[in-house]
Amino acid sequence: MATDYDAPRKNDDDVNEDSIEELKNQQTNRQSAVVDEDEAEAAEGFELPGADLSDEELQVRVLPAQSDEFTCGECFLVRHRSQVSREENGMFICKDCDS
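Note that the structure is a prediction, hence the values are computed from the model and not measured. (Residues numbered from 1 in each chain as written. Predicted model: local features only at pLDDT ≥ 70, side-chain atom pairs only at ≥ 80, totals over all residues. Heavy atoms only, no water.)

**Observations concerning the pairing of strand E4 (residues 91-94)**
Working step 1: Where strand E3 (residues 84-88) lies against E4, four bridges are found, and the strand directions are antiparallel. Looking at E4, one finds that Glu 87 is bridged to Phe 92.
Working step 2: Counted along the chain from E3 to the antiparallel partner E4, the turn is two residues long, and its residue Asn 89 has a positive phi close to 55°. (Pairing = 2+ DSSP bridges. Helix = DSSP H or I, 4+ residues; strand = E, 2+ residues; numbered from the N terminus.)

**Focus: the environment of Gln 66**
Working step 1: In this fold, Gln 66 is placed in the loop between helix H3 (39-43) and strand E1 (69-71).
Working step 2: Note on Gln 66: relative accessible area 40%, which makes it partly exposed.
Working step 3: For the pair formed by Gln 66 and Arg 79, sequence separation is 13 residues and the distance between their alpha carbons is 9.8 Å.
Working step 4: One polar contact links the side chain of Gln 66 to the main-chain carbonyl oxygen of Pro 64, over a distance of 3.0 Å. (Buried < 20%, exposed > 50% of the residue type's maximum accessible area, 1.4 Å probe, protein only. Polar contact = N/O pair within 3.5 Å; in protein donor to acceptor, adjacent residues only side chain to side chain.)

**Topic: the pattern of salt bridges**
Working step 1: Throughout the structure, instances matching the rule amount to four salt bridges.
Working step 2: With its nearest N and O atoms 3.0 Å apart, the salt bridge here joins Arg 79 to Asp 96. Placement of Arg 79 in strand E2 (residues 78-80) and of Asp 96 in helix H4 (residues 95-98) is noted, with a sequence separation of 17 residues between them.
Working step 3: The buried category is assigned to Arg 79, whose relative accessible area is 18%.
Working step 4: Overall, the relative accessible area of 48% leaves Asp 96 in the partly exposed class.
Working step 5: One salt bridge in this structure joins Asp 98 and Arg 86, with 2.6 Å as the shortest N-O distance. Of this pair, Asp 98 sits in helix H4 while Arg 86 sits in strand E3, and the two are 12 residues apart along the sequence. (Salt bridge = Lys/Arg side-chain N within 4 Å of Asp/Glu carboxyl O.)

**Side note on unusual backbone geometry**
Glycine aside, a negative phi is what most residues show, and trans is what most peptide bonds show.
Working step 1: The phi dihedral of Phe 76 is positive, around 60°, even though this residue is not glycine.
Working step 2: In this structure, Asn 89 takes a positive phi of about 55° despite not being glycine.
Working step 3: Position of Asn 89 relative to the elements: it lies in the loop between E3 and E4.

**Quick word on the side chain of Arg 79**
Working step 1: Separated by 3.0 Å, the side chains of Arg 79 and Asp 96 make a polar contact.
Working step 2: When sequence neighbours within four positions are dropped, the list of residues in contact with Arg 79 reads Asp 68, Glu 69, Phe 70, Cys 94 and Asp 96. (Contact = heavy atoms within 4.5 Å.)

**A word on the state of the cysteines**
Working step 1: Taken as a whole, this structure holds zero disulfides when the rule is applied.
Working step 2: No disulfide involves Cys 72; its sulfur sits 3.6 Å from the nearest other cysteine sulfur, which is in Cys 75. (Disulfide = S-S within 2.5 Å.)

**Concerning a nonpolar patch on the surface**
Working step 1: Where nonpolar side chains cluster on the molecular surface, the patch consists of Leu 58, Val 60 and Val 62 and spans about 380 Å² of accessible area.
Working step 2: Here Leu 58 is to be found in the loop between H3 and E1. (Patch = residues over 30% accessible without salt bridge, like charges linked within 9 Å, V, L, I, M, F, W, Y side chains within 5 Å. Areas by Shrake-Rupley, 256 points an atom, 1.4 Å probe, with all protein chains shown as cover.)

Structure follows, in structure tokens:
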């Protein structure tokens, strides 16, 4: 808060002269710490788990595994051939699953 150093200072006698009514008015003029918020308006922006998404349409283009890719036999993720750690029973295992 800024202080006006040019303003005359109050003495202790001046402070005691403030009436109770003035002090009450000063106290009621302060802003309340409570914020009025509409609950319905605040809840509109939140997505709840298990929400009904039946009217939503997901459009994803699925590509088959490329010649330089493999599907890990443990995590079933499609990885690049450089991620092969070992082969076990004809299934490739990625480096993440092997460690």
